[in-house]
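The chain contents come next:
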Amino acid sequence: MIAEELKDLIKRALEALGLEMPNEIHLEHPDELVRGDYATNMAMVLAKRVGKSPHELAEIIIAKLEESKPETVEKVEIAGPGFINFHLSLKFLTNEVERVLKMGDDYGRNQSRQGQKIIIEFTDPNPFKEFHIGHLMSNAIGESISRLIAATGAELKRACYQGDVGMHVAKTLLSLMELPDDALPVQAPLQEKAAFLGDAYAKGSNLYESGEGEKQKAGDLNKKIYDRTDPKVNKLYDWGREVSLEYFETIYGKLGTKFDHYFFESEAGPYGKGVVEEWLEKGVFEKSDGAVVYKGDEEEGLHTRVFINSQDLPTYEAKELGLAKIKYDKYPYEHSLVITGNEINDYFRVLLAVMGEVFPNLAAKTTHLGHGMLRLPSGKMSSRTGDVITAESLLTEVRSKIAPKIVDRGLTEEEKGIIAEQVAVGAIKYSILHQAVGGDIIFDLENSVSFEGDSGPYIQYTYARARSVLSKAKGLDPNLDIEYPSNAGPLGYSMSKSSECHVERLLYRFHEIVAQAATDYAPHQLCTYLHQLASAFNTYYGETKIIDEDSDSSYRLALTAATAQVLKSGLHLLGIAAPEKM
């Protein structure tokens with residue numbers, strides 16, 4: 001990448017001047033494109049050590065850089081108190097346009113993780129409960145990070161871990177056991193059956209809280225679910241589990257996720273319980289009030305957690321411990337990333353501490369990434385009380401806002417429906433991804449569906465606009481025999497419009513954005529970039545007659561095609577579709 005070439009250029013200049021090499025050569029993009037493409041603060045870092053002012057040292061370094069300046073650099077200049085700014089050459093920028101067109105979907109990808117086996121666990125909805133907007137949050141983040149890491153050459157597997165046993169299941173069955181045998185909506189549409197289960201969970205949770213007798217019943221049911229000793233319990237359990245898993249698949253399909261591995265608490269529980277019992281004898285765990293616990297070191301911020309409860313059943317902690325090994329046995333990974341809500345951040349620190357003693361090699365390979373909650377202006381939802389904002393209901397509401405905006409007259413009603421679904425999913429995902437992972441997000445419906453501003457539909461619409469321009473090019477092929485601008489002077493700023501150069505000065509950055517976003521687990525970096533590129537192209541579109549009879553028309557089409565390609569690739573990495581028409 002060009003950034004590495006510039007770092008090497010700076011390094012050689014510093015060595016030639018006999019200056020002490022810093023631990024890292026820092027490069028950044030100036031806030032304004034007209035100030036250059038890259039800037040370094042090396043003169044400011046080293047000035048005090050050599051007894052010169054930053055501005056004076058910058059002049060010396062620039063003089064040395066000019067001696068071996070490559071053709072990719074147009075000029076180097078001082079900015080501010082001593083920054084050294086690099087302006088990339090028009091030849092480099094136009095070559096990158098051509099590279100985008102030649103590489104197509106491969107542009108932006110790299111092989112930095114080639115050969116690495118990585119497994120990413122995300123979404124993790126629980127059968128017998130509804131798929132709510134919190135799961136949308138986890139899915140959007142996990143899917144985008146999966147695609148970003150896959151774009152760096154890793155062999156990547158997506159995993160989904162689902163709680164098909166536990167007290168939430170017992171609470172649902174507590175409600176279902178009170179119904180007549182023929183009360184199950186066996187013949188109803190799948191969505192209605194899923195909603196029926198969600199309602200049963202809410203009712204069962206209320207029953208559970210109504211008295212000690214109901215809590216005892218739920219506890220007995222929980223044990224029967226594990227033991228599979230009661231035919232009626234087994235029948236209700238098997239039906240509910242099948243309905244939930246089948247329904248979840250319809251949601252995954254809409255969201256564009258295909259999991260490679262599914263793991264369940266019912267398999268992780270027995271294995272994890274065995275691990276805990278084995279290491280109980282070795283002193284990692286201890287008994288307390290009939291349960292088995294791990295005593296966390298409070299000085300290290302680790303609290304005590306129960307791993308086997310007083311009913312001799314494995315807790316979520318024990319199941320997670322077993323899951324780590326089951327995952328590795330299924331897919332021997334170099335790295336495992338687990339994405340969950342940040343409400344279990346402290347718990348996961350305890351789990352990693354336990355893994356460090358029980359499975360130290362797996363602990364070293366495991367990273368937990370906690371994200372915030374997706375909230376509506378009305379506040380947080382609760383599946384226990386039944387006040388749940390389901391993924392399906394949010395998608396339906398957003399789609400209803402999007403549908404009237406799809407006005408392309410060349411589309412059938414069916415096509416408009418498909419595009420409205422794609423844009424609705426994009427609106428929700430972008431609302432989640434354009435903020436840094438970790439904090440809560442208030443979902444703003446009106447802003448999320450806007451075709452202007454910082455939104456998913458705005459970027460999708462920009463892509464469709466670029467494709468529309470290309471479709472009107474009447475046989476002109478932007479991929480072949482590009483004629484570069486005849487009036488391009490130094491830096492390209494004497495092109496017909498400066499906005500043309502602004503688009504070019506963003507396109508080449510796609511490579512480094514993808515690499516950095518994958519390293520940082522930060523899809524929001526890609527969102528920021530795509531919004532900048534879309535804005536620059538829309539300015540260019542408004543100022544420029546792209547299709548014309550002059551000699552520069554083929555280049556303008558090439559630039560449009562390259563922009564469309566990068567927008568499409570970027571949206572794909574966010575897990576968002578790129579409709580050709582809107």
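Residues numbered from 1 in each chain as written. Predicted model: local features only at pLDDT ≥ 70, side-chain atom pairs only at ≥ 80, totals over all residues. Heavy atoms only, no water.

J.: Give a description of the nonpolar core that names residues and reports values.
T.: Counting 147 residues, the largest nonpolar core has Phe86, Leu173 and Val398 as its most contacted members. The residues contacting Val398, other than those within four sequence positions of it, are Ala424, Ala427, Ile428, Phe443, Leu445 and Val449. Core analysis: the next-biggest nonpolar cluster, separate from the first, contains 34 residues, Leu323, Ile326, Tyr331 and Val350 among them. (Core = buried A, V, L, I, M, F, W, Y, C linked by side-chain atoms within 4.5 Å. Buried < 20%, exposed > 50% of the residue type's maximum accessible area, 1.4 Å probe, protein only. Contact = heavy atoms within 4.5 Å.)

J.: So what about helix H9 (residues 231-255)? Which residues, and what values?
T.: The terminal C-alpha atoms of H9 lie 36 Å apart, and with 25 residues this matches the ideal 36 Å at 1.5 Å per residue to within 8%. Looking at where H9 begins, the residue whose side-chain oxygen comes 2.9 Å from the main-chain nitrogen of Lys232 is Asp230. Of the residues one or two after H9, Gly256 is the one with positive phi, at around 80 degrees. (Helix = DSSP H or I, 4+ residues; strand = E, 2+ residues; numbered from the N terminus. Expected span 1.5 Å × (residues − 1). Polar contact = N/O pair within 3.5 Å; in protein donor to acceptor, adjacent residues only side chain to side chain.)

J.: Describe in detail the sheet that holds strand E3 (residues 73-79), supporting the description with residues and values.
T.: With respect to topology, four strands assemble into an open sheet ordered E1-E2-E4-E3, the strand pairing being antiparallel. A strand with exactly one partner marks an edge of an open sheet, and here the two such strands are strand E1 (27-28) and E3. Pairing analysis gives six bridges linking E3 to strand E4 (residues 83-88), with the strands arranged antiparallel. Pairing of Lys75 across the sheet is with His87, part of E4. Docked against the sheet, helix H3 (residues 54-67) engages E3 and E4, running at close to 170 degrees with respect to E3. (Pairing = 2+ DSSP bridges. Axes fitted to C-alpha atoms, helices over the stretch in contact; angles between N-to-C directions.)

J.: Can you explain the pairing of strand E12 (residues 366-371)? Please cite residues and give values.
T.: Among the six residues that make up E12, five are buried, leaving the element largely enclosed by the rest of the structure. In this sheet, E12 lies alongside strand E11 (residues 335-341) in parallel orientation, the contact comprising six bridges. What sits directly across from Val338, in E12, is His368.

J.: Tell me about the packing of aromatic side chains, residues and numbers included.
T.: Under the counting rule described, the total for this entry stands at 20 aromatic pairs. Arranged with centres 5.0 Å apart and planes meeting at 55 degrees, the rings of Phe285 and Phe307 form a pair that is tilted. Highlighted residues: Phe285 in the loop between helix H10 (265-280) and strand E8 (286-288) and Phe307 in strand E10 (residues 305-308), separated in sequence by 22 residues. Both residues of the pair, Phe285 and Phe307, count as buried. Here a set of aromatic residues connected by ring pairs shows up, and it is made of Phe122, Phe131, Phe248, Tyr252, Phe259 and Tyr262. In this structure, Arg241 is placed above the aromatic ring of Phe264, and the distance from its NZ or CZ to the ring centre is 4.4 Å. (Phe/Tyr/Trp six-rings, centres within 6.5 Å; stacked < 30°, edge-to-face > 60°. Lys NZ or Arg CZ within 6 Å of the ring centre and 35° of its normal.)

J.: Describe in detail the side chain of Ser448, supporting the description with residues and values.
T.: Within the secondary structure, Ser448 sits in helix H16 (residues 445-448). Setting aside residues up to four positions removed in sequence, Ser448 forms contacts with Ala427, Ser431, Phe443, Ser455 and Pro457.

J.: Tell me what's going on with the side chain of His511, and back it up with residues and numbers.
T.: Mapping His511 onto the fold places it in helix H19 (residues 510-520). Assessed through its relative accessible area of 10%, His511 is described here as buried. What His511 contacts, discounting residues up to four positions off in sequence, is Met1, Arg99, Tyr107, Gly108 and Arg109.

J.: Provide a residue-level description of the pattern of salt bridges, including the pertinent values.
T.: Opposite charge on two side chains allows them to pair when their charged atoms are near. Applying the stated criterion across every chain, the model contains 36 salt bridges. Measuring nitrogen to oxygen at the nearest pair gives 3.0 Å for the salt bridge that ties Asp238 to Arg228. Here Arg228 lies in the loop between helix H8 (212-227) and H9 and Asp238 lies in helix H9, a separation of 10 residues in the sequence. Judged by relative accessible area, Asp238 falls into the partly exposed class, the value being 36%. By relative accessible area, Arg228 is classed as partly exposed at 40%. Taking the shortest distance from any N to any O, the salt bridge between Arg375 and Asp440 comes out at 2.8 Å. Taken together, the residues span a long stretch of sequence, with Arg375 in strand E13 (residues 374-375) and Asp440 in the loop between helix H15 (413-433) and strand E14 (441-442) at a distance of 65 residues. A single salt-bridge network, built from bridges that share partners, covers Glu143, Arg147 and Arg158. (Salt bridge = Lys/Arg side-chain N within 4 Å of Asp/Glu carboxyl O.)

J.: Lay out the pairing of E11 in plain terms, naming residues and giving numbers.
T.: Each regular strand displays side chains that alternate between the two surfaces of the sheet. Within E11, seven of the seven residues are buried, which leaves the element mostly enclosed by the surrounding structure. By the bridge criterion, four bridges tie strand E5 (residues 117-121) to E11 in an arrangement that is parallel. Paired with Ile120 across the two strands is Leu337, which belongs to E11.

J.: Explain the packing of H10 against helix H11 (residues 316-330) to me, using residue names and the numbers behind them.
T.: One way to put it is that H10 packs onto H11 with a least axis distance of 7 Å and a crossing angle of 100 degrees. Relative to H11, the element H10 lies roughly perpendicular. When H10 is examined against H11, the residues Glu265, Glu267, Ala268, Gly269, Tyr271, Gly272, Lys273, Val275 and Val276 are found in contact with a partner set consisting of Tyr316, Ala318, Lys319, Leu321, Gly322, Leu323, Lys325, Ile326 and Asp329. Across the contact of H10 with H11, the residue classes tally to nine nonpolar, three polar and six charged. (Parallel < 35°, antiparallel > 145°, perpendicular 65-115°, else oblique. Nonpolar A, V, L, I, M, F, W, Y, C, P; charged D, E, K, R; others polar.)

J.: Break down the sheet that holds E8 for me, citing the residues and quoting the values.
T.: Strand pairing in a sheet takes place through backbone hydrogen bonds and is either antiparallel or parallel in direction. Read across the sheet, three strands follow the order E8-E9-E10 without closing on themselves; strand pairing throughout is antiparallel. At either end of the open sheet lies a strand with only one pairing partner, and these are E8 and E10. With direction set aside, neighbouring strand axes in the sheet form an average angle of 50 degrees. Note that strand E9 (residues 291-294) and E10 share three bridges and pair antiparallel. Paired with Val293 across the two strands is Val306, which belongs to E10. Helix-sheet contacts for helix H12 (residues 345-358) involve E9 and E10, and the interaxial angle to E9 is about 90 degrees.

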